[in-house]
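So the chains spell out like this:
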Amino acid sequence: MDGKRVIYAALLGLGTVGTGVYKVLKMQEDEMAQKIGAVVKVKKVMVRSVQKAAEKLKDASLVTNDWQEIINDPEIEVVIEVMGGIHPAKEYILEALNAGKNVVTANKDLVAEEGHRLLEAAAEHRADFLFEAAVAGGIPIIRPLKQCLAGNHITEVMGIMNGTTNFILTKMSEEGMEFADALKMAQDLGYAEADPTADVEGYDAGRKLAILASIAFNSRVVFSNVYTEGITKITATDIRYAQEMGCTIKLLGVAKNSGDGIEVHVHPMLIESNHPLAAVRDSYNAVFVHGDAVQDAMFFGRGAGELPTASAIVGDVFDVVRNSLAGCNGRIGCTCYKRLPIRQMEDIQSRYFVRMQVEDRYGVLASVASVFGNNSVSIAQMVQKKKKGELAEIVVITDSVMERHFQDSLKVLGSMSVIREISSIIRVY
Ligand code: NDP
Ligand code: HSE
């Protein structure tokens, strides 16, 4: 080891990501000393099922289910939390930071809710608390926002932030796959959360967006501030209509700082097929950032999976090691020094695609148009698409309108007997 210092780490969790971290550290073993000036060794791996992990690692001596073996070991300087969930991850991380250990995590659920408390504990004990893997898997985005783009006032962060839903939408639109089959594939590939509801309902992307918005706008945004809609209502018919209109459906997260407050929302959107985000397929993610100096920057890469996520975690671990060698752990802490208000969703402007089943008789198209008009919703396109028995299908695309006005229109349309069903409502980018 050429007399290089050994830094001991503990891994909490040996699932998809934990296994990836173990592998990537092994892949780096030969070069690590030259690269970062020390060798990182995993001293303990904590799991619930000890036997399963011991078989996987072919080394039972590494595995424990007892947190005390880690927290009470003064040799362990870095705790890598890849168990997921709020409890007991939060308690373990706090105990580790309070004991002066550095922590690296991929846990967006926890960071989106309690990130500020954990960063406070890290600052108090001059420890690193790093979470690059918590947003967009392997894509470097936390460190670029905190460091490389620190010379900007950032006004917008948006993009595709969930690998599972992007994978599902890609499979549905390109291969005509059913939602459930595509979800099963995403689970088998290790992209989905333990409970995939978080992915398909947009909560996972919402948590990542809260983390990104907090860092980009220097003001705390938590998950409960984010409006979320998932992809479970997107049908094959919606995808076909989108394609006919030269569009693709993507689950997008959008955060803007417009001066009078922050808007943060996650929902499916129709996006023109020649837009760069439309080309982001499979489990890939992409994040756009707009700043007053850099103008536009886009970050693209694998948003989920074993090795891509481990890549981000090992990058953080190497940063911790470099800081430890330089005696400057805890150098970059919480950057939320502003208190900006969060804008209500009803005050936000959007374009909408609405598909509805109506009675096929004279005057219906005109009455639909007048409901939108009476509620200050301007129509960009309106077509009667086809007839099914006594019913006709109307598709409306609005101009950019206030959400509140659009919702008022929907209330009226929903109460009209000639409108049998409002089949889909999707925002348009
Ligand atoms: P998995 O479900 O595959 O693995 C979880 C691991 O943690 C298992 O080894 C499990 O042990 C262990 N574990 C869970 N709870 C406890 C506990 N209370 N005590 C001890 N061990 C525990 O999850 P992933 O690897 O997919 O995800 C881990 C984290 O990384 C999550 O926060 C997730 O959101 C995040 N993440 C995941 C990505 C991905 O692509 N999968 C990408 C980016 C972030 P056992 O098997 O014995 O129960
Ligand atoms: N479940 C998440 C996703 C993992 O699909 O994007 C990466 O954060």
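Because the structure is a prediction, the values reported are computed rather than measured.

Draft legend 1. Quick look at the site of ligand 2. Around ligand 2, the structure places Lys108, Asn162, Gly163, Thr164, Tyr191, Ala192, Glu193, Asp199, Asp204, Lys208, Gly303 and Ala304. Between ligand 2 and Thr164 there is a distance of 2.6 Å, counted from an oxygen atom to a side-chain nitrogen or oxygen. A distance of 2.8 Å separates an oxygen atom of ligand 2 from a polar atom in the side chain of Lys208. Contact with the protein chains removes 94% of the 260 Å² of surface that ligand 2 exposes when unbound. Secondary structure elements with two or more residues in the shell around ligand 2: helix H7 (163-175) and helix H10 (203-217). Looking at the shell around ligand 2 residue by residue, the class counts come to three nonpolar, four polar and five charged.

Draft legend 2. Quick peek at the packing of aromatic side chains. What the rule picks out here adds up to eight aromatic pairs. With centroids separated by 6.3 Å and ring planes inclined at 55°, the aromatic side chains of Tyr241 and Phe353 adopt a geometry described as tilted. Taken together, the residues Tyr241 in helix H11 (residues 236-244) and Phe353 in strand S13 (residues 349-359) connect sequence positions 112 residues apart. Among the residues examined, Tyr241 registers a relative accessible area of 5% and is labelled buried.

Draft legend 3. Expanded view of the domain arrangement of the protein. Per the domain assignment, the segments of the protein are domain 1 (5-137 + 306-326), domain 2 (142-300) and domain 3 (347-428). With centres defined by C-alpha atoms, the gap from domain 2 to domain 3 works out at 26 Å. Taken residue by residue, the interface counts 17 residues in domain 2 and 13 residues in domain 3. Summed over the shared surface of domain 2 and domain 3, the result is two salt bridges. One salt bridge connects Arg427 with Glu229, and the closest N-O pair in it is separated by 3.0 Å. The interface formed by domain 2 and domain 3 holds five residue pairs in polar contact (both at pLDDT 80 or more) in total. Of all the elements in the fold, those that place two or more residues in the side of domain 2 that touches domain 3 are H11 and strand S10 (262-272). For the side of domain 2 that touches domain 3, the element with the highest residue contribution is S10, accounting for six residues.

Draft legend 4. Structural view of the site of ligand 1. The environment of ligand 1 is made up of 24 residues, and the closest members are Leu14, Val17, Ser49, Glu193 and Gly305. Note that an oxygen atom of ligand 1 is positioned 2.9 Å from one of the side-chain N or O atoms of Lys52. At 2.7 Å, a side-chain N or O of Glu193 approaches an oxygen atom of ligand 1. Contact with the protein chains hides 85% of the accessible area of ligand 1, taken as 900 Å² for the molecule alone. Class assignment for the residues of the shell around ligand 1 results in 11 nonpolar, nine polar and four charged. Mapping the shell around ligand 1 onto the domain boundaries places at least three of its residues in each of domain 1 (5-137 + 306-326) and domain 2 (142-300).

Draft legend 5. Representation of the nonpolar core. Leu97, Phe129, Phe131, Leu145, Ile211 and Leu212 are the most contacted members of the largest nonpolar core, which has 76 residues in total. The element contributing the most residues to this core is H10, with nine residues. What Phe129 contacts, discounting residues up to four positions off in sequence, is Ile93, Leu97, Val103, Thr105, Val111, Leu118, Leu119 and Ala122. Counting 37 residues, the second-largest nonpolar core is a separate cluster that includes Ala9, Leu62, Val314 and Val320.

Draft legend 6. Spatial organisation of the pairing of strand S14 (residues 379-388). When S14 meets strand S15 (residues 391-398), the two strands line up antiparallel, connected through eight bridges. Bridge assignment links Lys388 to a residue of S15, and that residue is Leu391.

Draft legend 7. Quick peek at the state of the cysteines. Considering all chains together, one arrives at zero disulfides under this definition. With no disulfide of its own, Cys328 has Cys148 as its nearest cysteine by sulfur position, at a separation of 16 Å. Here Cys328 falls in the partly exposed class, since its relative accessible area comes to 21%.

Draft legend 8. Spotlight on the environment of Ala293. For Ala293, the location among the structural elements is in the loop between strand S11 (284-291) and strand S12 (295-302). Look at Ala293 and you get exposed, because its relative accessible area is 51%. With residues up to four places along the chain from it excluded, the contact list for Ala293 reads Gly151 and Asn152.

Draft legend 9. Representation of H11 within the structure. Within H11 the residues assigned to the buried category are Asp238, Ile239, Tyr241 and Ala242. The arc that holds every buried residue of H11, seen down its axis, measures 160°, which confines them to one face. Facing away from the buried side of H11 by more than 90 degrees, the exposed set consists of Ala236 and Glu244. A positive backbone phi angle near 75° is found at Gly246, which sits one or two residues after H11.

Criteria and cut-off values
Residues numbered from 1 in each chain as written. Chains lettered and ligands numbered in written order. Predicted model: local features only at pLDDT ≥ 70, side-chain atom pairs only at ≥ 80, totals over all residues. Heavy atoms only, no water. Near = heavy atom within 4 Å. Polar contact = N/O pair within 3.5 Å; in protein donor to acceptor, adjacent residues only side chain to side chain. Areas by Shrake-Rupley, 256 points an atom, 1.4 Å probe, with all protein chains shown as cover. Helix = DSSP H or I, 4+ residues; strand = E, 2+ residues; numbered from the N terminus. Nonpolar A, V, L, I, M, F, W, Y, C, P; charged D, E, K, R; others polar. Phe/Tyr/Trp six-rings, centres within 6.5 Å; stacked < 30°, edge-to-face > 60°. Buried < 20%, exposed > 50% of the residue type's maximum accessible area, 1.4 Å probe, protein only. Domains from an automatic or database assignment. Contact = heavy atoms within 4.5 Å. Salt bridge = Lys/Arg side-chain N within 4 Å of Asp/Glu carboxyl O. Core = buried A, V, L, I, M, F, W, Y, C linked by side-chain atoms within 4.5 Å. Pairing = 2+ DSSP bridges. Disulfide = S-S within 2.5 Å. Arc of directions from axis to C-beta.

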